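# An overview of the molecular structure
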Amino acid sequence: SQTIHQWPATLVQPVGSPLSLECTVEGTSNPNLYWYRQAAGRGLQLLFYSVGIGQISSEVPQNLSASRPQDRQFILSSKKLLLSDSGFYLCAWSGQGSYQPQHFGDGTRLSIL
Amino acid sequence: QKEVEQNSGPLSVPEGAIASLNCTYSDRGSQSFFWYRQYSGKSPELIMFIYSNGDKEDGRFTAQLNKASQYVSLLIRDSQPSDSATYLCAVHNAGNMLTFGGGTRLMVKP
C-alpha cells in the first residue's frame, strides 16, 4: 500500500531564517505531488504541484519554492521566512490519470517568531 | 474563479442523529467529488468520493451528487462523538486540480 511521510511534524523558526520541508511517498511510482498551506481556521491553499521529476508549477506568488529531485520526493523551501509563512503545511500525492483523489501526509505545523 | 462553498458551521447534532453536510460548486465541468474529514490539528483524511449522479453509500456515510444543481452532500447516519471534526468538500475541475471548500465543522453531542 502507499504511504506518505512528511517531516518535521512541528517547526519553530525565526523570521528571516531558511526553511526546508521534505515529503516522500512509498508504494507507488510517478505520483503527482502537491504542497498546500492551511492557515488557522482556514481552507487549503495549493502552493505547488508536480507531475514529474523537475516539473514544478506554482499556484500563488510567494517567497517559497519547491523542488522534486527524485520521483517520490518533494521539498518545500524558503531562503528567508516571513511572519506570514506561519501555518500548517501539507504534502499530498495522487495517482497519474484524471480525477484521482489526493492523499495527505501528517503535515508540518510551522510557527514563525 | 472556480469555487466550492460550504457552510462553516458549527453544525451541532445529537448522538445517533443524521448529520447532513452540504457543498455547492461553480464549475459545471467538474467530474469528481470528494469528502475529507479533518480532526483538529490533524491532516485531511479521504472518506468518500463520488463521480456519478445519485447516492453512494459506504457504511454510515452516504454521498449524494446532483450535477444539474451543482450540489454534493454527505450524510452521516447514527452520528457518534468521534465524528466531530471538520468536513472538507473537494471538487476536481476540468484542469484536473482539486478545489477545496472551507469546511464545515461538525459537533456531535453525547
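Only a predicted model underlies this, so the values are computations on that prediction, with no experimental measurement involved. (Residues numbered from 1 in each chain as written. Chains lettered and ligands numbered in written order. Predicted model: local features only at pLDDT ≥ 70, side-chain atom pairs only at ≥ 80, totals over all residues. Heavy atoms only, no water.)

All names here are of chain A. Taken together, four strands build an open sheet; the order of strands is 1-3-8-7 and the sheet is antiparallel. Here the strands that pair on one side only, and so sit at the sheet edges, are strand 1 (3–7) and strand 7 (64–70). Neighbour-to-neighbour, the strand axes of this sheet turn through a mean angle of 20°, independent of strand direction. Across five bridges, the pairing between strand 1 and strand 3 (residues 19–26) is antiparallel. Paired with T3 across the strands is E26, a residue of strand 3. (Pairing = 2+ DSSP bridges. Helix = DSSP H or I, 4+ residues; strand = E, 2+ residues; numbered from the N terminus. Axes fitted to C-alpha atoms, helices over the stretch in contact; angles between N-to-C directions.)

Okay, the pairing of strand 3 (residues 19–25) of chain B next. Residues and elements named next belong to chain B. Only one face of strand 3 is buried, namely the one carrying A19, L21, C23 and Y25, since none of S20, N22 and T24 on the opposite face is buried. The sheet contact formed by strand 1 (residues 4–5) and strand 3 spans two bridges and is antiparallel. Bridge pairing links V4 to Y25 in strand 3. For strand 3 and strand 8 (residues 71–76), the ladder comprises six bridges, and the chain directions are antiparallel. Opposite S20, over in strand 8, you have L75 as the bridge partner. (Buried < 20%, exposed > 50% of the residue type's maximum accessible area, 1.4 Å probe, protein only.)

Counting residues in hydrophobic clusters, the biggest one holds 23 residues, and the most contacted among them are W35, V72, L74, I76 and Y87 of chain B. Residue assignment for this core shows that the elements contributing at least two residues are strand 3, strand 4 (32–38), strand 5 (45–50), strand 7 (61–66), strand 8, strand 9 (85–92) and strand 11 (104–109) of chain B. In terms of nonpolar packing, the next biggest core, distinct from the first, is built from 21 residues, L11, V25, L76 and L81 of chain A among them. (Core = buried A, V, L, I, M, F, W, Y, C linked by side-chain atoms within 4.5 Å.)

Glancing now at the state of the cysteines. This structure, assessed with the given rule, holds two disulfides over all chains. Shown here is the disulfide that connects C23 of chain A with C91 of chain A, its sulfur atoms set 2.0 Å apart. Taking the sign of the S-S torsion, -75° for the link of C23 of chain A and C91 of chain A, the bridge is left-handed. Of the two residues, C23 of chain A sits in strand 3 while C91 of chain A sits in strand 9 (residues 87–94), which places them 68 residues apart along the sequence. In this structure C23 of chain A comes out as buried when scored by relative accessible area, which is 1%. Of the residues examined, C91 of chain A reaches a relative accessible area of 0% and is grouped as buried. At a sulfur-sulfur separation of 2.1 Å, the disulfide partner of C23 of chain B is C89 of chain B. When the S-S torsion is -70°, as for the bridge of C23 of chain B with C89 of chain B, the disulfide is left-handed. (Disulfide = S-S within 2.5 Å.)

Any two side chains of opposite charge can pair, so long as their charged atoms come close to each other. All names here are of chain B. This model, assessed by the stated rule, comprises five salt bridges over all chains. Note that R77 is salt-bridged to E57, the shortest N-O span being 3.4 Å. One end of the pair, R77, is in the loop between strand 8 and strand 9; the other, E57, is in strand 6 (residues 54–58), and 20 residues separate them in sequence. On the accessibility criterion, E57 (58% relative accessible area) is exposed. One salt bridge connects D83 with R60, and the closest N-O pair in it is separated by 2.9 Å. Here D83 is found in the loop between strand 8 and strand 9, whereas its partner R60 is found in the loop between strand 6 and strand 7, with 23 residues between them in sequence. Residue D83 is classed as buried on the basis of its relative accessible area, which comes to 1%. (Salt bridge = Lys/Arg side-chain N within 4 Å of Asp/Glu carboxyl O.)

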